[in-house]
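Spelled out from the first residue to the last, the chains are:
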Amino acid sequence: MIGTAFNAPKELANLAGAYYKVFAIGIFAQSIVYLFESIFQAKGYTKVIMWFTLVAQIVNLSLDVVFMKYLQWGISGAAWATTISMYVNLVLILAYVVVVRKEFLLNIFKYKLEFKNIKKIFKMGAPAMTESIILSIKIFVFTFFLTKIGTKNDIIAYSAARTAWITILIPVFGIASAGGPMIGYSFGSKDYERLRDISVYKFKILQRYFLTTFILMIIFPTTLLRIFNVADHGNATYIIRTI
């Protein structure tokens, strides 16, 4: 159904369906991982998340090779590799919490659902959720029209340029994630001078990073795209410069 919505050929739609059927098994693990990651970030334990994610991704890539190359499982092998890595990440986090950070243990049976708390959570999360929904709809609509009127090279070029752009944004996400707890601490303790300093430092760091990235994307777009093994750089070069 998802593949059909994006106007994908039947064969590709079936492959995508096979992938997501397996991938869906890992959603439960990933949701719990996100919960504990938010707690770790709030406490400033970002290195722990980094190392566990690194181990999980190494497991993912290793299993990709085993399942796809040696066992010949195809796209389903890639899905199983990703799903297993999600549970590896979850097991590592739970083991760390039980052994090292017992104060993070959550007794879900101890708490009762209270409407005022649920309302507060949704009120705070609604804007971010709405933003994500808007972006998802935009991507959905654009991808639909791209597969309808675009050529195969257009689709490959856009995918490569978008992947390059997301990769470039990774340091931005890291800086934003690291700055969140620091800003929260400063705001909670009413240390507004420190809050201002942190905000200014973040702005200066991101400003210099985006300026450097802008120059590289304008001058060396083809070099950036070679990293992603794109054979035809024409359309992708135009897209990456436009981004």
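The paragraphs below set out a description of the structure included in this document. Please read all numbers here as calculations on a predicted model, not as lab measurements.

**Concerning helix α4 (residues 46-70)**
Because each turn of an α-helix spans 3.6 residues, side chains separated by three or four positions in sequence point in the same direction. Look at α4: 36 Å from first C-alpha to last across 25 residues, which is about the 36 Å you get at 1.5 Å a residue. For α4, the full list of buried residues reads V48, I49, F52, A56, N60, L63, D64 and F67. Following α4 by one or two positions, Q72 has its phi on the positive side, about 55°.

**Remarks on helix α8 (residues 192-219)**
Over its 28 residues, α8 extends 40 Å from the first C-alpha to the last, a length consistent with the 40 Å expected when each residue adds 1.5 Å. Within the sequence span of α8, burial applies to L195, I198, K202, L206, T213 and M217.

**Quick notes on the environment of L146**
Checked against the element boundaries, L146 lands in helix α6 (residues 115-149). For L146, a relative accessible area of 15% gives the class buried. Taking the C-alpha atoms as reference points, L146 and Y158, 12 residues apart in sequence, are found 9.1 Å from one another. In contact with L146, other than residues within four places in its own chain, are D154, I155 and Y158.

Rules and cut-offs
- Residues numbered from 1 in each chain as written.
- Predicted model: local features only at pLDDT ≥ 70, side-chain atom pairs only at ≥ 80, totals over all residues.
- Heavy atoms only, no water.
- Helix = DSSP H or I, 4+ residues; strand = E, 2+ residues; numbered from the N terminus.
- Expected span 1.5 Å × (residues − 1).
- Buried < 20%, exposed > 50% of the residue type's maximum accessible area, 1.4 Å probe, protein only.
- Contact = heavy atoms within 4.5 Å.

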